[in-house]
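What the coordinates show
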Amino acid sequence: WSYIAFEQGIEHMSLLEKIHLRKIYNTLIQEVIVGEMLDVHLTSQDTATNKDIEEKTLLKTALYSFARPMMIGAVLAGKNNNSIDMYEVFGTHIGMAFQIGDDIIDIFSSSTVLGKEQCKDITERQHTILSQYIHTNAPIDVQNTYNDFFGKHISLNETKILQDILTEQGAYNF
């Protein structure tokens, strides 16, 4: 139904503008599907690569939630191609930064502040920039301790352990 609403919303536009908008919209749909497939795949893996995490973040957050909607808005506002390209770059950077911030607050903010379960990324086996930092920089015993929490419900005491690991190993300030 969203595609029908999208089409109804652009009825008044020129053919060229409609083609441009459809191209951005269809790209957004394709990217989020691939990003979701990558995300599901990665949760079944014990490790991930930096490239995998960056690609997942790019597709599921930066492009889907920031860059592509900004580009659609720019086309609807009648902006030129240079402006639209600028929104893609800007939105991508903002989206990547947003996801890093989200990964941090998932572990370092309280459930009350979050409005959801704390450490949900770890419980759901999400590979993030923080977990990747631990996997590539921490001593093996610290990696093993961190990995022991993956896929499990995290208690308040365990949350403190995870926060200490991320802080002491430098992931929080990375």
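Residues numbered from 1 in each chain as written. Predicted model: local features only at pLDDT ≥ 70, side-chain atom pairs only at ≥ 80, totals over all residues. Heavy atoms only, no water.

Some thoughts on unusual backbone geometry
- Not every positive phi belongs to a glycine, and C119 is a case in point at roughly 60°.
- On the secondary structure map, C119 appears in the loop between α5 (111-114) and α6 (120-123).
- A positive phi angle, near 60°, is found at R125, a position not held by glycine.
- Within the element layout of this structure, R125 appears in the loop between α6 and α7 (129-137). (Helix = DSSP H or I, 4+ residues; strand = E, 2+ residues; numbered from the N terminus.)

Considerations on the environment of T61
- For T61, the position within the fold is in helix α3 (residues 50-76).
- Along the chain, T61 and I19 lie 42 residues apart, while their C-alpha atoms are 24 Å from each other.
- Filtering out sequence-adjacent residues up to four positions away, T61 remains in contact with K56, F66, G95, F98 and Q99.
- Among the polar contacts made by the side chain of T61, one reaches the side chain of Q99 at a distance of 2.7 Å. (Contact = heavy atoms within 4.5 Å. Polar contact = N/O pair within 3.5 Å; in protein donor to acceptor, adjacent residues only side chain to side chain.)

A look at a nonpolar patch on the surface
- Together, I29, I33 and M37 make up a nonpolar patch on the protein surface, roughly 280 Å² of accessible area in all.
- For I29, the location among the structural elements is in helix α2 (residues 15-43). (Patch = residues over 30% accessible without salt bridge, like charges linked within 9 Å, V, L, I, M, F, W, Y side chains within 5 Å. Areas by Shrake-Rupley, 256 points an atom, 1.4 Å probe, with all protein chains shown as cover. Salt bridge = Lys/Arg side-chain N within 4 Å of Asp/Glu carboxyl O.)

Structural notes on the packing of aromatic side chains
- Taken as a whole and assessed by the stated rule, the structure comprises four aromatic pairs.
- With centroids separated by 4.5 Å and ring planes inclined at 55°, the aromatic side chains of F108 and Y172 adopt a geometry described as tilted. Taken together, the residues F108 in helix α4 (residues 81-108) and Y172 in the segment after α9 (156-168) connect sequence positions 64 residues apart.
- Judged by its relative accessible area of 37%, Y172 falls in the partly exposed class. (Phe/Tyr/Trp six-rings, centres within 6.5 Å; stacked < 30°, edge-to-face > 60°. Buried < 20%, exposed > 50% of the residue type's maximum accessible area, 1.4 Å probe, protein only.)

Focus: the pattern of salt bridges
- If you walk through the whole model with that rule in mind, you get eight salt bridges.
- Ionic pairing is found between D39 and K60, a salt bridge with its closest N-O pair at 2.6 Å. Here D39 is found in helix α2, whereas its partner K60 is found in helix α3, with 21 residues between them in sequence.
- A residue is classified by how much of its surface remains accessible, and D39, at 6% relative accessible area, is buried.
- For R125, the salt bridge goes to D46, with nearest N and O atoms at 3.1 Å. Linking R125 in the loop between α6 and α7 with D46 in the loop between α2 and α3, this pair joins segments that are 79 residues apart in sequence.

On their own, these measurements won't tell you what the molecule is for.
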